[in-house]
Amino acid sequence: MSSHPLPTPAQWLRANASRGGRWNRVIMLAATGSTLLLLLQAWAIASVVYRLAIEHAPLSSLTLPLIILPVAFLGRGALAWLRTEAGVRCGLAIRQSVREDVLRRIGERGPLWSQRQHSAALGNQVWDQVDALQNYYADYRPQMLLCGTIPLIILCAVLPVSWAAALILLITGPLIPLNMAMIGWGAKNLQDQQLTETHRMSRHFLDTLKGMPTLRLLGRSHQQANEIYAVSEGVRQRNMKVLRLAFLSSSALEFFASVSIALLATYIGFTYLGQFDFGTWGKGLSLFGGLFMLILSPEFYQPLRDLGVHYHAKAEAEAAAQVLMPLLTEAPPSADASTTTTKHWAVPDTLGITLNHVSCRYPGQASPALNDVSFSVAAGETIAVIGPSGAGKSTLLTTLLGFMQPEQGTITLHSGERLDHLLTSEWQHALSWVGQHNALIPGTLADNLTIALPDDQPFDEDRLWEALDKTDLRCWANQLPQGLHTRIGDGGQPVSGGQARRIGLARAFLRDAPLVLLDEPTASLDQQSERIVNRAIATLSKGRTVIMLTHRLSLLNQADRILLLEQGRVRAFDTLSALSQPHGPLANVIDAAHADLDTQGEPS
Ligand SMILES: Nc1ncnc2c1ncn2[C@@H]1O[C@H](COP(=O)(O)OP(=O)(O)OP(=O)(O)O)[C@@H](O)[C@H]1O
């Protein structure tokens, strides 16, 4: 668990800029090159005008500035393109890298954690929030860096001509970022409100979409349409407020920049009129010098004005960083605390496991979710884990899956290894996991089965059919238009909840791991599907160690022993008949479980 305080969003965004790699340097080089070409361009224009107007020089003597002019013009165009392109690629590289991290962190937290998250919120983190970083890295951050370099280069070019003009630039320049910062403070609040409202709308919309059949049946779809209208109206109003402020801030920026340029022009004009006689190092101001400075002055303020244009990208990225940071910077409870003393652990054929005074705590929680839990499961034994909601059942499974490390106690295999001495990835080779919602990957039935096979095992159609036999899926698979090679799930043949559950079990057969972990494998199935799944579990448990969370009586009957958890502690660990003894300390709990199973069969 990390004890470091979370960085601020701005710090986090800065720290992640290095993910853009060489594109950051390309942006800086292109912008600096463009500024140097601008100096050349200003020099060429001022020279041409001065020599034609004052010295009446023939055109033939102006070859150099006349060549430099179009070259500088085209060069600046090319460098502007390069800068934009590098900005986009920099943003893309950073987004890709952050997105990979987000997905890795979600993976590290395990399937039980993901199931508890709101799918809209997870999707929003993976896509929308990461995408919101694009404009910050592509536009705002490069612009921020250029605000430091371009005005400085221009200032250095103006200073030898007139220190007074350089002073005007130096004093008026900071007015623009100052004004921006003042507006930015107000904008941040509005942006935060707008983002919260947008997230609320996306969650609300997804929930309504999911519940649409139920709402239609209850005749409530009309009411929901009104609610969606109200939520989107809230988003519209917030958007308009942010836009109003954005327009106001850009007008204010233009105003300050125009006033500053006018100030410089006034100084130059009065110097020409002889009213001012200072600030030119005693040399006076030539037409060349005045023109040179006037051409450069808008460019002095331009980076600061552009920064104002991109200011909303900063607010957007900081709000996104606030959502992403907890996931990316807090160590997941699953952090691999392995001391990895065992290299290339060979998965054993059978596996017994002992938990010795194990306590697990979620980050930031006062009380542990598992508290001094000790029990031992023999190789080949089937254990059912029961307990009221919040008892720690899922936490136990998450810990056994290797997605959470105990803060105290040890988990030891009967072959002698300690779990924290194994690499999590190696330990997970010894496991099969079947949850309530088995994810179907986009692809064929065969694709969906073979993902369970270890990497070194070749595709073997007979093995797939064998697994389908054991889960009573052969008939269904035979009826599919292209059999095993039929696309299933999204965009393919529909798969019922029961079939998806059996595909999960077929994967467990194919994986052939010695330890099988099941999370409510029969929850929300009809009786027929439940019978089929129970049969498959009975076959699966032969020769394997099975630990399953369940409240179904039929599955409790299949278990050798039952582990009853309460408030993170082991309350009892015995056979069903022993626990069900009348007057026994757990008789009431078991009776309640019986009633629960027989009536609704839903997990607590
Ligand atoms: N991600 C989490 N962060 C903080 N606390 C958590 C988290 N997940 C679970 N908890 C807490 O840990 C304790 C054990 O939760 P757990 O999910 O293991 O219980 P459970 O027996 O599986 O409950 P249920 O049957 O309702 O799923 C509870 O007090 C719960 O609030």
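Residues numbered from 1 in each chain as written. Predicted model: local features only at pLDDT ≥ 70, side-chain atom pairs only at ≥ 80, totals over all residues.

**Q** Is there a simple way to think about the pairing of strand S10 (residues 561–566) in this case?
**A** On a regular strand, one side chain projects to one face of the sheet and the next to the other, so that they alternate. With four bridges joining them, strand S3 (residues 382–386) and S10 adopt parallel strand pairing. Note that in S10 the partner of Ile383 across the bridge is Arg561. As paired elements, S10 and strand S11 (residues 569–574) share five bridges and run antiparallel to each other. Within the sheet, the bridge partner assigned to Leu564 lies in S11 and is Ala572. Following S10, the chain reverses through two residues before pairing antiparallel with S11; Gln567 in that reversal takes a positive phi of roughly 45 degrees. (Pairing = 2+ DSSP bridges. Helix = DSSP H or I, 4+ residues; strand = E, 2+ residues; numbered from the N terminus.)

**Q** Can you help me understand the sheet that holds strand S1 (residues 353–360) in this one?
**A** As a general point, the strands of a sheet are linked pairwise by backbone hydrogen bonds and lie either parallel or antiparallel. Strand order in the open sheet formed by three strands is S2-S1-S4, with antiparallel pairing between adjacent strands. Strand pairing shows two members of the sheet lacking a second neighbour, strand S2 (370–377) and strand S4 (408–413), which therefore form its edges. Strand-to-strand twist across the sheet, computed as the mean angle between neighbouring axes with direction ignored, equals 10 degrees. With five bridges connecting them, S1 and S2 associate as antiparallel partners. Following the sheet pairing, Cys360 is matched in S2 by Leu370. (Axes fitted to C-alpha atoms, helices over the stretch in contact; angles between N-to-C directions.)

**Q** How do you make sense of the packing of helix H2 (residues 22–53) against helix H10 (residues 287–309) when you look at a structure like this?
**A** Between two packed helices, what matters for the description is the angle formed by their axes and the separation of those axes. In the contact formed by H2 and H10, the axes pass within 8 Å of each other and the chain directions differ by 145 degrees. Like other packed secondary-structure pairs, H2 and H10 cross with a definite hand, here right-handed. Residues Leu38, Ala42, Trp43, Ile45, Ala46, Ser47, Val49, Tyr50 and Ala53 of H2 pack against Leu287, Phe288, Leu291, Phe292, Ile295, Leu296 and Glu299 of H10. Residue composition of the contact of H2 with H10, grouped by class: 14 nonpolar, one polar and one charged. (Left-handed = near helix turned anticlockwise from the far one by under 90°. Contact = placed C-beta atoms within 7 Å. Nonpolar A, V, L, I, M, F, W, Y, C, P; charged D, E, K, R; others polar.)

**Q** Mind showing me how you'd approach the site of the ligand here?
**A** Taken together, 13 residues surround the ligand, and among them Tyr362, Ala369, Ser389, Ser394 and Thr395 come closest. Taken together, the residues of the shell around the ligand sort by class into four nonpolar, eight polar and one charged. (Near = placed C-beta within 6 Å.)

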